[in-house]
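# Per-entry structural report
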Amino acid sequence: MTPVNPDSPAPRTADDIAELFRGAIRSGQLGDGERLPTVRQTARDFGIAQGTAAKAYRALEQEGLVATRTAAGTRVAPGASRAAGVVVERARALAEAAQAEGTGFDDAVAVLRAVWSAPAE
């Protein structure tokens, strides 16, 4: 499973791809021990060079989010998935509300960033 949001632009860089998988892991969309697509498949899915996909996987491995083993592939590291349940629930609620109101992905992210950095009342 390659996580893709249809409202966001296709990832083109290793950083973009790492961010996409990072979000899927942290949100629980990809669970502990779940296998990621091969580097070759990820490159094919996004129309990028295999080296770019490999660089993204290396970054995730350095962060401790995935582990790569010969013959076992790249899997989500134990304990790496899931933000706190309430955070995932509220993120899903935000996504549903934004979609229902016709707010695009980038605009919803911009709202979240603005709220995130705003001082508490």
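Not measured: the values here are computed from a predicted model.

The next point concerns the overall build of the protein chain. The number of helices and strands found in the protein chain is five helices and two strands. Listing each helix as α and each strand as β along the protein chain from the N terminus yields α-α-α-β-β-α-α. Look at the contacts in the protein chain between residues 6 or more apart in sequence, and 60% of them connect residues 24 or more apart. Element-wise, carbon and sulfur atoms account for 53% of the exposed surface of the protein chain, whose accessible area totals about 7800 Å².

On the surface, Leu 94, Leu 112 and Trp 116 cluster together to form a nonpolar patch covering roughly 370 Å² of accessible area. For Trp 116, the position within the fold is in helix H5 (residues 105–117). Owing to a relative accessible area of 73%, Trp 116 belongs among the exposed residues under this scheme.

With that settled, consider the pairing of strand S1 (residues 66–69). Where S1 and strand S2 (residues 73–76) come together, four bridges link them in antiparallel fashion. Bridging from a neighbouring strand, Arg 69 pairs with Gly 73 of S2. Between S1 and S2, which pair antiparallel and follow one another directly, the connecting turn spans three residues, one of which, Ala 71, has a positive phi of 75 degrees.

Quick look at unusual backbone geometry now. Even without being a glycine, Ala 71 presents a positive backbone phi close to 75 degrees. With respect to the helices and strands, Ala 71 occurs in the loop between S1 and S2.

This next bit is on the nonpolar core. In terms of nonpolar packing, the biggest core is built from 20 residues, with Phe 21, Ile 25, Leu 30 and Leu 36 touching the most fellow members. Listing elements by their share of this core, those giving two or more residues are helix H1 (14–26), helix H2 (39–46) and helix H3 (50–62). Broken down by element, this core gets its largest block of residues, six residues, from H1. Setting aside its immediate chain neighbours within four residues, Leu 36 contacts Phe 21, Leu 30, Tyr 57, Val 66, Thr 74, Arg 75 and Val 76.

On to the confidence of the model for the protein chain, then. In this model, the protein chain carries a mean pLDDT of 88, and residues with pLDDT of at least 70 account for 89%. For the protein chain, the element scoring lowest by mean pLDDT is helix H4 (residues 85–101), at 86; H3 scores highest, at 97.

What the rule picks out here adds up to one aromatic pair. Arranged with centres 5.7 Å apart and planes meeting at 80 degrees, the rings of Phe 21 and Tyr 57 form a pair that is edge-to-face. You can see Phe 21 sitting in helix H1 and its partner Tyr 57 sitting in helix H3, a full 36 residues away along the chain. Relative accessible area serves as the criterion here: at 4%, Tyr 57 is assigned to the buried category.

About the thresholds
Residues numbered from 1 in each chain as written. Predicted model: local features only at pLDDT ≥ 70, side-chain atom pairs only at ≥ 80, totals over all residues. Heavy atoms only, no water. Helix = DSSP H or I, 4+ residues; strand = E, 2+ residues; numbered from the N terminus. Contact = heavy atoms within 4.5 Å. Areas by Shrake-Rupley, 256 points an atom, 1.4 Å probe, with all protein chains shown as cover. Patch = residues over 30% accessible without salt bridge, like charges linked within 9 Å, V, L, I, M, F, W, Y side chains within 5 Å. Salt bridge = Lys/Arg side-chain N within 4 Å of Asp/Glu carboxyl O. Buried < 20%, exposed > 50% of the residue type's maximum accessible area, 1.4 Å probe, protein only. Pairing = 2+ DSSP bridges. Core = buried A, V, L, I, M, F, W, Y, C linked by side-chain atoms within 4.5 Å. pLDDT = per-residue confidence, 0-100. Phe/Tyr/Trp six-rings, centres within 6.5 Å; stacked < 30°, edge-to-face > 60°.

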